[in-house]
Amino acid sequence: MTTSEFVGHIDDLNTKYDMIYLGDDDKDLDYDGNFRPDDKVLYYHVGGNRLARYELQGLMNHDYVTNGSQKKAATVGETDSTTGTTIGSVRGSGNDITKEIKNKLVNFAKSGYPVVVAGNIYGENKKTISTTLVDNSSYIYDFLNEVKGFDNVYKEGEITADEDINFCAELPKPKIELSSYPPSAIGTGDGPSNEFLTGENMTFQFQIIDEAQASPANAEYNCELYIDLNCDGNFSKSEKLDDIAVMQNGNVIKKENGIYQLSLNTTYTVSRKIPQEYIKLMPWKLVVTNNNNSEIRTSEIGYTKRQNTTSTQNTINVLQIIPNNSAECTWNLATDTTFQNLFDNVKDFNVKISTITVGQYETQYSANATYLNQYNMLIIGFCDGAGYGSSYGGNNPTNFSENDAQRILEFANTGKSVILAHDNTSSSVYDRTAQNGGISGDSTWKGWAYFFNQTLRRASGMDRYGITAPQSTSDILKQAKELDTNAQSTDWNAISKNSSDMAYYLNKNKEKTYSETQGFTNGKLRIANTTRETGSTEVTTTASQVNEGAITEYPYKIDKKITVAPHTFPILSIGIGRKCR
């Protein structure tokens, strides 16, 4: 898979894979509009640069010039006299992984399972790493550097017949063989599951199997149980249950030195009491770990639920805010009978949907600061961006104001759900108080979603570098200056602390950053730079599942590949790192 897909996966690599291969085939990198820094480098943290069209201007201070009280667009391509950087310059997304994924790869290598590196990425005997092929500011480089001394990490061209890589591929690989587990809440495409957890305990019965274990009599394993309380699929350390009961033949097994000492091919029972009032979906994960090497592990994931036996149904109140013109709305959930029939089949909860327009919300409800408190979920959309128009303010505005975008952010910050449907973000970032500018056929753009782009971009995980982050970060980035970890240590530390990523310079060992931190995707840049490698917007009608989780399994099971309405390339780069969440 590509690096861009790989960084989106939340799988446990050590459980899922027996070997990892880092390739050097650059066919998919070599095309116009990929923003590759040069024609040799394979893995690079940030892409090459282009001059953007005026449509994308507005995020940087030097995108504007002031003449008296008048603020207007600066000229794309000119040099900022203060910073020496180019006005209108933008950069591609790069071809790299994140720090979190790098750590997962290192942990995989620590398990002893083989890692094979293609071509000439490694030098002779893995003594060096080619910076022609791998940017030393990339996390791929960090991974290769950390594991180059591991015996189970191979340069592909140096593997010989005498070097038995099969031995590494046949290292202990435990698996859990479940004979009983909690009733499954996984639905089908036709309807939800009617199985429920009964009694007060969540109980598992299983054996640990490892056919590759050389000394099965001496192998010992620990087990852990997690419940994903927020249903985000991550099963974090805080969601591990410390008070489970582990038994064999009815006898409780106690931990030794803080861990269990479980044997292969032996039947065990794990049980955990679940409060009766806990009636929501409960994704669970049972993990088994080799006590001699914690990176050798396996897991099983499932989903269960408890039936609500009280007279009060669990009601989820949803507010959908749609465009003013109902003809522009492609999906009104409150009136869609197919949608309502699907949820009528779900007895676990009752979904009540109210619908208002943007104009109604702005003029009638926004004055009430507590109006949104009555809802559990907020949905904005569904429509194309043009359906919102570009009207802000007045008697019937079609777009959200700055104040109401902030209200939605505050709603999300309470932990409640917000769905931003199609085209609720855009490339409209040009100051609405500034005079429009540009050239013939290419002008600045004041379109829809301007205040969403300013207020909700970071909260929705679409601000990779922090250009819309709090002022301590964004004020630095908006200066459009290159940063050096030594020369500008104060600014550097502020960005490093508050952003999910930094625009590291090619082959500068993460000691220097580029000035271009607008964070647009390659897809958007291909149609919005001055050379326009792609003349028209790229569209897909297919969505493929990357991760399995509560959304894909409950209450209905969603196919791994589905047909969707024509959908364009995302506009804003996702910030996958920890600080964007």
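These numbers come from a predicted model, not from an experiment.

Q: Honestly, the overall build of the protein chain in this entry has me stumped. Any pointers?
A: Of the regular secondary structure elements, the protein chain holds 13 helices and 26 strands. Its C-alpha radius of gyration of 27 Å places the protein chain within 12% of the 25 Å reference for a compact globule of 581 residues. Expressed as lengths along the three principal axes of its C-alpha atoms, the size of the protein chain is roughly 85 × 70 × 40 Å. Considering only contacts within the protein chain whose residues lie at least 6 apart along the sequence, 72% involve residues at least 24 apart. For the protein chain, the accessible area works out to roughly 28,200 Å², and carbon and sulfur atoms hold 45% of it. For the protein chain, the distance from the average site of its 54 positive side-chain charges to the average site of its 71 negative ones is 5 Å.

Q: Could you clarify how one ought to interpret the sheet that holds strand 17 (residues 315-322) in this entry?
A: Neighbouring strands of a sheet are bound in pairs by backbone hydrogen bonds; such pairs are parallel or else antiparallel. Spatial ordering of the open sheet is given by 18-17-19-20, a layout of four strands whose pairing is parallel. Where the open sheet ends on each side, the last strands, each with one partner, are strand 18 (350-357) and strand 20 (417-420). Taken over all neighbouring pairs, the strand axes of this sheet differ in orientation by 20 degrees on average, direction set aside. In terms of strand pairing, strand 19 (residues 377-380) meets strand 20 through four bridges, oriented parallel. Residue M377 lies in a different strand from strand 20, and its bridge partner there is S417. Seen against the sheet, helix 7 (residues 358-365) touches strand 17 and strand 18 and runs at an angle of roughly 80 degrees to strand 18.

Q: I keep staring at the pattern of salt bridges and nothing clicks. Help me out?
A: Side-chain pairs of opposite charge can arise whenever the charged atoms involved come near each other. Tallying each qualifying case throughout the model produces 20 salt bridges. Here K273 makes a salt bridge to E200, at a shortest N to O gap of 3.9 Å. With K273 in strand 14 (residues 268-273) and E200 in the loop between strand 8 (175-180) and strand 9 (201-209), this pair connects stretches of sequence that are 73 residues apart. In this structure, R464 engages D501 in a salt bridge whose closest nitrogen and oxygen atoms are separated by 2.8 Å. Placement of the pair is R464 in the loop between helix 9 (450-455) and helix 10 (471-477) and D501 in the loop between helix 11 (489-498) and strand 24 (512-513), with a sequence separation of 37 residues. Assigned by exposure class, R464 and D501 land together as buried. What emerges from the salt-bridge pattern is a single network uniting D12, E295 and R297.

Q: How should the pairing of strand 18 be read in this particular structure?
A: Remember that side chains alternate between the two faces of the sheet whenever the strand is regular. Pairing between strand 17 and strand 18: eight bridges, direction parallel. Bridge pairing in strand 18 links I321 to I356. What joins strand 17 to strand 18 is helix 6 (residues 337-344), and the crossover it makes is right-handed.

Q: What is the right way to look at the packing of aromatic side chains in this model?
A: Two measures describe an aromatic ring pair: the distance that separates the ring centres and the angle between the ring planes. Per the counting criterion, the structure on display carries 20 aromatic pairs. Note on Y361 and Y371: the rings are 6.3 Å apart at their centroids and 45 degrees apart in plane angle, and the pair reads as tilted. One end of the pair, Y361, is in helix 7; the other, Y371, is in the loop between helix 7 and strand 19, with ten residues separating them in the sequence. The exposure class of Y361 is buried, given its relative accessible area of 1%. Summarising the aromatic geometry, the rings of Y392 and F451 are spaced 5.7 Å apart at their centres and angled 80 degrees between planes, so their arrangement reads as edge-to-face. Taken together, the positions of Y392 in the loop between strand 19 and helix 8 (402-413) and F451 in helix 9 put the pair 59 residues apart, joining distant regions of the chain. Feature note: the residues W331, F339, F343, F349, F382 and Y554 constitute an aromatic cluster, connected by ring pairs. Positioned above the aromatic ring of Y450 is the side chain of R432, whose terminal nitrogen or guanidinium carbon lies 6.0 Å from the ring centre.

Calculation criteria
- Along each chain, residue indices are assigned from 1 in the same order as the chain's sequence is written.
- It should be noted that, the model being predicted, local features are given only for residues of pLDDT at least 70 and side-chain atom pairs only at 80 or more, the latter also being counted only at that level, while totals for whole chains, interfaces and linings use all residues.
- Side-chain metrics in this entry use all non-hydrogen atoms of the structure; hydrogen atoms and water are not considered.
- Numbering of helices and strands starts at the N terminus; helices are DSSP runs of H or I of at least 4 residues and strands are runs of E of at least 2.
- As a reference, a globule follows 2.2 Å times the number of residues to the power 0.38, and the radius of gyration itself is taken over C-alpha atoms.
- Any two residues having at least one pair of non-hydrogen atoms within 4.5 Å are treated as being in contact.
- Calculation of accessible area relied on Shrake-Rupley with a 1.4 Å probe; when residues are assessed, cover is drawn exclusively from the protein chains displayed.
- Positive charges come from Lys and Arg alone, negative charges from Asp and Glu alone, with His and the N- and C-terminal ends not counted.
- The atom standing in for a charge is NZ when the residue is Lys, CZ when it is Arg, CG when it is Asp and CD when it is Glu.
- When DSSP finds two or more bridges between a pair of strands, those strands are recorded as paired.
- Whenever a helix is involved, its axis is fitted only over the stretch in contact; in every case the axis is a line through C-alpha atoms, and angles between N-to-C directions fall within 0 to 180 degrees.
- Each reported salt bridge corresponds to a side-chain nitrogen of Lys or Arg within 4 Å of a carboxyl oxygen of Asp or Glu.
- We call a residue buried when its accessible area falls under 20% of the maximum for its residue type, exposed when it is over 50%, and partly exposed in between, using a 1.4 Å probe and counting protein chains only.
- Crossovers are described as right-handed under a simple rule: with the strands pointing away from the observer, the path leading from the first strand over the helix to the second runs clockwise.
- Put simply, two rings from Phe, Tyr or Trp (the six-membered ring, in Trp's case) pair if the centres are within 6.5 Å, and we call them stacked under 30 degrees between planes, edge-to-face over 60, tilted for the rest.
- The criterion is that NZ of a Lys, or CZ of an Arg, lies within 6 Å of the ring centre and within 35 degrees of the ring normal, and then a charge sits over that ring.

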